[in-house]
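Architecture at a glance
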Amino acid sequence: MPKIVRFHQTGPAEVLQIEDLPQQQPKEDEVRLRVEAIGLNRAEIMFRSGTYLETPAFPARLGLEAAGVVDALGQGVTGIKIGDRVSTVPSFSMSSHGVYGEAAIVPAHAVVRYPHNLTPLEGASIWTQYLTAWGALVHYGKVRAGQDILITAASSSVGLAAIEVAKLLGARPIAVTRTSAKKKQLLELGASEVIASTEEDVPAAVGKYTGDKGAELIFDPVAGPFLDTLAQCAARGGQIIEYGWLSGEPTPFPLFPAFQKGLTVRGYTLYEFVNDRVLRPEAEKFVTEHLAQGKLRPKIDRTFPLSQIVDAHRYMESNKQVGKVVVTVDSMGNAV
């Protein structure tokens, strides 16, 4: 029986339990994976904690991103075969599917072959970060060469992906992180400038780095009162894209800066386009081509064996990471 991670109530990391459960068969239009690696995302911590967009139904599974090998197909599945090396695109609800465990059943539309130059750990670290960055910078932000892009929570996997994508587009990524402890790493990973938000006056620093023009696009998962600070950092006609709520605090709309600068502030998640038959293939093509060419490369911060899933969640919540936190499962499907 495969080991599966479930939780029976919301709460801290300790609510996660590893259970031996009967092997399930995929239903129509579903695929089963023998999981090799699991990429952790902030959404899963919020889901486990009861603060996500969805409410878990107990006992609940969780997890959006995994890499593995297809070992069973449901009826009606085409274009995928047993033995394919694939990863999952977060295009399904955790209320119905989850990938934490030695086996995972997901909708067939969520399965994508990833480039052969990537390891399973990297394969599990692709889609949330790069699709989120693509949607914000390429599709909605329409970033152009020479623009200044302000990226907050820059040491997260999505933040690093946004830095990479901004550089690819010829823009100048200005990273924001809480302290200067990660400054050197962020510069090495492609940031043009780095601002430590608890140590510096953020609007003043942005003005310094943009010639007092401000940032044309601001990409932020923090929200809360910090949104007003970001509005002060924006250029005239600029756009602020909010893709998270890490602050957990009320988020007043910055009305007067919006009036003065003609700002656009929009909420955004990758779920806006991951099931779109036109946009998703466009996004996948952008990501896979650049991964295959080595122009994009996910950064793995730290790995944990499946048996240490609680520790992995605790580490994710510590915000010490620079890049992706990945949980490993060995090739025989047993926890390392």
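The paragraphs below set out a description of the structure included in this document. (Residues numbered from 1 in each chain as written. Predicted model: local features only at pLDDT ≥ 70, side-chain atom pairs only at ≥ 80, totals over all residues. Heavy atoms only, no water.)

Some points on the overall build of the protein chain
Scanning the protein chain from N- to C-terminus turns up 10 helices and 15 strands. The principal-axis extents of the C-alpha atoms in the protein chain amount to approximately 60 × 40 × 35 Å. The buried share among the 336 residues of the protein chain stands at 55%. Considering only contacts in the protein chain between residues 6 or more positions apart, those separated by 24 or more positions represent 68%. Entry remark: accessible area of the protein chain is about 14100 Å², with carbon and sulfur atoms responsible for 52%. The averaged location of the 36 negative side-chain charges in the protein chain is 3 Å from the averaged location of its 34 positive side-chain charges. (Helix = DSSP H or I, 4+ residues; strand = E, 2+ residues; numbered from the N terminus. Buried < 20%, exposed > 50% of the residue type's maximum accessible area, 1.4 Å probe, protein only. Contact = heavy atoms within 4.5 Å. Areas by Shrake-Rupley, 256 points an atom, 1.4 Å probe, with all protein chains shown as cover. Lys, Arg positive; Asp, Glu negative; His and termini not counted. Charge placed at Lys NZ, Arg CZ, Asp CG, Glu CD.)

Describing the pattern of salt bridges
What the rule picks out here adds up to 18 salt bridges. The partner of glutamate 122 in a salt bridge is arginine 297, with the nearest N and O atoms 2.9 Å apart. Of this pair, glutamate 122 sits in helix α2 (residues 120-123) while arginine 297 is found in the loop between α9 (279-292) and β14 (300-305), placing the two residues 175 residues apart along the sequence. Aspartate 311 is the partner of arginine 314 in a salt bridge, and the nearest nitrogen-oxygen pair spans 2.6 Å. Of the two residues, arginine 314 and aspartate 311 are both situated in helix α10 (residues 309-318); the distance of 3 residues between them amounts to about one turn of the helix. (Salt bridge = Lys/Arg side-chain N within 4 Å of Asp/Glu carboxyl O.)

Thoughts on the nonpolar core
Leu131, Leu137, Phe219 and Phe273 are the most contacted members of the largest nonpolar core, which has 47 residues in total. Elements with a minimum of two residues in this core: α3 (127-140), β8 (148-151), α4 (157-168), β11 (215-220) and α9. Sequence-distant contacts of phenylalanine 273, defined by excluding residues within four places in its chain, comprise Leu131, Trp134, Gly135, Tyr268, Leu279, Arg280 and Ala283. In this structure, Leu33, Tyr52, Leu62 and Val106 belong to the second largest nonpolar core, which totals 41 residues. (Core = buried A, V, L, I, M, F, W, Y, C linked by side-chain atoms within 4.5 Å.)

Describing the sheet that holds strand β10 (residues 193-196)
Strand order in the open sheet formed by 6 strands is β10-β9-β8-β11-β12-β13, and the pairing between neighbours is parallel. Both outer strands of the open sheet, β10 and β13 (264-267), are each paired with one neighbouring strand and no more. When the angles between neighbouring strand axes are averaged without regard to direction, this sheet yields 15°. As judged from the 4 bridges shared by strand β9 (residues 172-177) and β10, these two strands associate in the parallel manner. The residue bridging isoleucine 174 from the neighbouring strand is glutamate 193, located in β10. Running over the sheet, α3 touches β11, β12 (234-242) and β13 and is turned about 155° from β11. (Pairing = 2+ DSSP bridges. Axes fitted to C-alpha atoms, helices over the stretch in contact; angles between N-to-C directions.)

Notes on the side chain of lysine 182
The topology assignment puts lysine 182 in the loop between β9 and α5 (183-188). One buried charge, lysine 182, has no salt-bridge partner; the nearest side chain with opposite charge is aspartate 301, at 7.3 Å. A distance of 2.7 Å separates a polar atom in the side chain of lysine 182 from the backbone oxygen of asparagine 319. Filtering out sequence-adjacent residues up to four positions away, lysine 182 remains in contact with Ser155, Thr177, Asn319, Lys320, Gln321 and Val322. (Polar contact = N/O pair within 3.5 Å; in protein donor to acceptor, adjacent residues only side chain to side chain.)

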